[in-house]
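# Report on the structure
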Amino acid sequence: MTDQPPPSIERKAIARATTPDGNEQSLPTPATSGRNSSSRRTQLPTVTPRRFRKFFTPRSSLRRNVKVGSSRQVLRDITSGDSNRRPLGRRRSSKVDDIQIFEDENAEAPDPSRKRKRRLHHTPDPTPELSSPLKRCRRVSVIESDSASEAENGSPGSSLDEHDSIRRPNPMSIRPIAPWGQHNLSGQRLLRECGGLSRTGGQIRLDYCNDWQYETAGFYTRPNDSNACVNIAGTEPNYAIPFCTASCNTNSLVAVGDEEGGVRLLETDRKAKPSFSKAYLTFRAHGNAVLDLAFSPDDMLLATASGDQTSRIIDMPTQTATFTMAGHTSSVKQVCFQPGSSNVVVTSSRDGSVLVWDLRCRGHEGPVRDFKISLGGTDGDGTATQPERYASSVNSIQEAHAPAPRPQVESTTKPAPKPSLVRDCPSRTEPQNRRSDVSVTALAFLPPGREHLLLTGSEANASVKLWDLRTTHSHRRNRATPLSSTRQPDSHNSHRHFGLTSMALSGGGDRLYTVCRDNTVYAYSISHLIIGHAPELSLTAPRPRRPGGLEKEGLGPMYGFRHPQFHATTFYVKSALRSAAGDKSELLAVGSSDGCAVLFPTDERYLGKGRTASAFSSLSSSLGRPTLTRSQSGTSLFTRLNDTIPIYQHGTPLVRGHSREVTDMTWTYDGDLVTVGDDLTARCWREGPDARDLRVGGETEGRRWGCGWSETVGDWDSDD
């Protein structure tokens, strides 16, 4: 049983109300719940507007003539909604807590009958409203006049003495940003440097920041930016053709390798001595042509690839060979260091193999290479140089791009002809067992975090293969299998295969650019090198795959670049990419057999509708490509390729710098471009206003002699 209160006791709620004369009166409320409670509920009296104002009138409104401190007044000025729109020369009225009214000193008093009602907000806007140049607004400013307000309110401190007569400085008002009204050339250049859009009536006129020529139109070269490649060996001929170049990672020096095995270092800084036209340092690294160069991350080591089937590691402080990497059976085409490491080196050769070298592993000593014999007899017996130290190969990929063997199927019909293949210049004196090798012509590591993944390209086709160097590949067991292989462009499958000559990774590591023999630069997505689930591309670095796993498939190229003056007719045409740094954007430079380098901006904002076009579409009368039929030899290659991906043409050629094929190039530490060509010269291209002066100046007084510049299209240099 539960205890219940006596029925005679009723609990009532008591409420108090205030009468109009100010006395309090208790009001009975209905009983909570009881058996003897009345059935009719007693209602509370209604709250009239007079009572509402009595209870809910703010204290600040009751104290009209109370002095307001300066800090509180400044706080109100900051939190007011229109504080940044009030012009100078206005003075605040004497009202403090009421609506802030700004009146001009010389203006007449407004008519009370025409006064507008202003809407009051219950809570002020905590953030001041900033001015905008896109809309017109009334400009009002705030001025500090606490002393005048105190004097008008009759406060005790209203009388100003000698020290109070000095007024505090007025705070700076925020004025709206006015749009740039000049639409001439100088105004447009200022606007495009700020990255804005200019409007003409109701139409938007694109500024130069959206024009790809803004990135490439400023390159030029002068006569003192040219270096003649003299034969270092001192034998005939006196000059040697430069084949390759590489830039240092920590300074402005670049290395150039030539066909006689010599290496020269050139200074690209225009303020340093000696100038670019004179060699900073020269030495001979090989007895045959140097085909590729690569600096270690700290620039202390230089790796070389030579036609004598070896690679060497050169100690740059002493210019001596510390290691020799001998394991290939043909010319070494490419060499590169692993990102972030000076001990792991990868080389590729025309024999189709890729070798991985670790300089920390113990190698072996080879025979003595050079002898020094005293002919005068005063120096005693002949002395020999130090024996060569040979590095050790820790991993090898044999027949990296060899076609997969097909099962033999007996058939009475004639087999279909295979697509023709343009090979990497095999030698006639080469043994028969090596003529079927597929040359590996391009190498590239993925960025740090995935540096164990290697990309390779070959002369066989445009397919890019992805390898995990942690997997041990043994050609004695079975054929080496990559992680994935990308698809070839559809136009190659219907025509014939084209090999790759070079590849470069973007600065962010999300795009891969390959130079193809069909005169096209293809762009791949790194994230789609493997279709589907791809734990191999994650940064967590899972366990390496066992040898002999299945080869996955990757997507083909997304789009491509072409230009009328870009032709890759040989496998010596290379590419180089400048990463975006500071105020310099990312650019891709490629060589050409037309005697000029071509610059392509890689920013994908330039790949808009207005700039998409099939290369040389003017040669085709219809929108679609013609079918692949037997055509004349003079017909362009592009008219016979059925492109299924977008092809863009926004490239800028660097003209008049070279007279023959431009093969290799590199970007310096400061963002300048160094190119080498078959005209026995190396050129340094700089950015500046001299490029426009060379384009519009003409040939008067020999001002263009020995110079080169970037060629623009349209009215880029027009002053209108």
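The model shown is predicted, which means the values in this text are computed figures rather than measured ones. (Residues numbered from 1 in each chain as written. Predicted model: local features only at pLDDT ≥ 70, side-chain atom pairs only at ≥ 80, totals over all residues. Heavy atoms only, no water.)

### Notes on the overall build of the protein
Selection rule: Starting at the N terminus, helices and strands are each numbered in turn, a helix being any DSSP run of H or I of at least four residues and a strand any DSSP run of E of at least two. We call a residue buried when its accessible area falls under 20% of the maximum for its residue type, exposed when it is over 50%, and partly exposed in between, using a 1.4 Å probe and counting protein chains only. Contact definition: two residues touch when any of their heavy atoms are within 4.5 Å. Computed by Shrake-Rupley with a 1.4 Å probe, the accessible areas treat only the displayed protein chains as cover when residues are assessed.
Broken down by element type, the protein carries eight helices and 42 strands. Looking at the protein as a whole, 42% of its 720 residues qualify as buried. Looking at the protein alone, contacts between residues at least 24 apart form 60% of all its contacts between residues at least 6 apart. As displayed, the protein offers around 42,100 Å² of accessible surface, 50% of which is attributable to carbon and sulfur atoms.

### Section: the layout of surface pockets
Using a probe with the size of a water molecule, rolled over the atoms, empty space left in the structure can be pinpointed. What counts is decided by this rule: Points on a 1 Å grid, built from protein atoms alone, make a cavity when a 1.4 Å probe fits but cannot get out and make a pocket when they are open with protein on both sides within 12 Å along at least 5 of 7 lines; residues with an atom within 4 Å of a point are the lining residues. Grid points are joined across faces, edges and corners, and a volume is the space filled by probe spheres set on the points. When residue character is reported, Ala, Val, Leu, Ile, Met, Phe, Trp, Tyr, Cys and Pro are called nonpolar, Asp, Glu, Lys and Arg charged, and the others, Gly included, polar.
The volume enclosed by the second largest pocket comes to roughly 1,600 Å³. For the lining of the second largest pocket, the elements supplying multiple residues, two or more each, are strand S9 (242–247), strand S13 (290–295), strand S17 (332–337), strand S25 (440–445), strand S29 (500–505), strand S34 (575–578) and strand S39 (662–667). Class assignment for the residues of the lining of the second largest pocket results in 27 nonpolar, 16 polar and six charged.

### Quick look at the sheet that holds strand S27 (residues 465–468)
Definition in use: Strands pair, by our definition, only if DSSP identifies at least two bridges between them. Between N-to-C directions, angles cover 0 to 180 degrees, with each direction set by a line fitted to C-alpha atoms, over the stretch in contact for helices.
The strand order S25-S26-S27-S28-S32 describes an open sheet built from five strands, whose pairing is mixed. Here the strands that pair on one side only, and so sit at the sheet edges, are S25 and strand S32 (552–554). Adjacent strand axes in the sheet meet at a mean angle of 25°, parallel and antiparallel pairs treated alike. Relative to strand S26 (residues 453–458), S25 is paired through five bridges, and the arrangement is antiparallel. For Leu443, the partnering residue across the bridge sits in S26 and is Thr456.

### Some remarks on the pattern of salt bridges
Threshold: Think of a salt bridge as a Lys or Arg side-chain nitrogen and an Asp or Glu carboxyl oxygen that are within 4 Å of each other.
As enumerated under the stated definition, the model contains 18 salt bridges in all. Between Arg656 and Glu699 there is a salt bridge, with the nearest N and O atoms lying 3.2 Å from each other. Note that Arg656 is positioned in the loop between strand S38 (652–655) and S39 and Glu699 in the loop between helix H8 (690–697) and strand S42 (708–710), a separation of 43 residues in sequence. Overall, Arg656 belongs to the partly exposed group, its relative accessible area being 42%. Its relative accessible area of 44% is what places Glu699 among the partly exposed residues. Salt-bridge contacts for Arg704 lead to Glu699; the nearest nitrogen and oxygen are separated by 3.4 Å.

### Examining the side chain of Arg695
We count it as follows: Any pair of N or O atoms that falls within 3.5 Å is considered a polar contact. Within protein, one atom must be able to donate a hydrogen and the other to accept it, and sequence-neighbouring residues count only if both atoms are side-chain atoms.
Within the secondary structure layout, Arg695 lies in helix H8. In terms of polar contacts, Arg695 uses its side chain to reach the backbone carbonyl oxygen of Ser710, at 2.8 Å. With sequence-adjacent residues up to four places away left out, Arg695 is seen in contact with Ala217, Arg704, Trp709, Ser710, Thr712, Trp716 and Asp717.

### Here's the deal with the environment of Arg517
Residue position: Arg517 is located in the loop between strand S30 (511–516) and strand S31 (520–525). Sequence separation of Arg517 and Gly499 is 18 residues, and the distance between their C-alpha atoms is 5.6 Å. A polar contact is formed between the side chain of Arg517 and the backbone oxygen of Thr569, at a distance of 3.1 Å.

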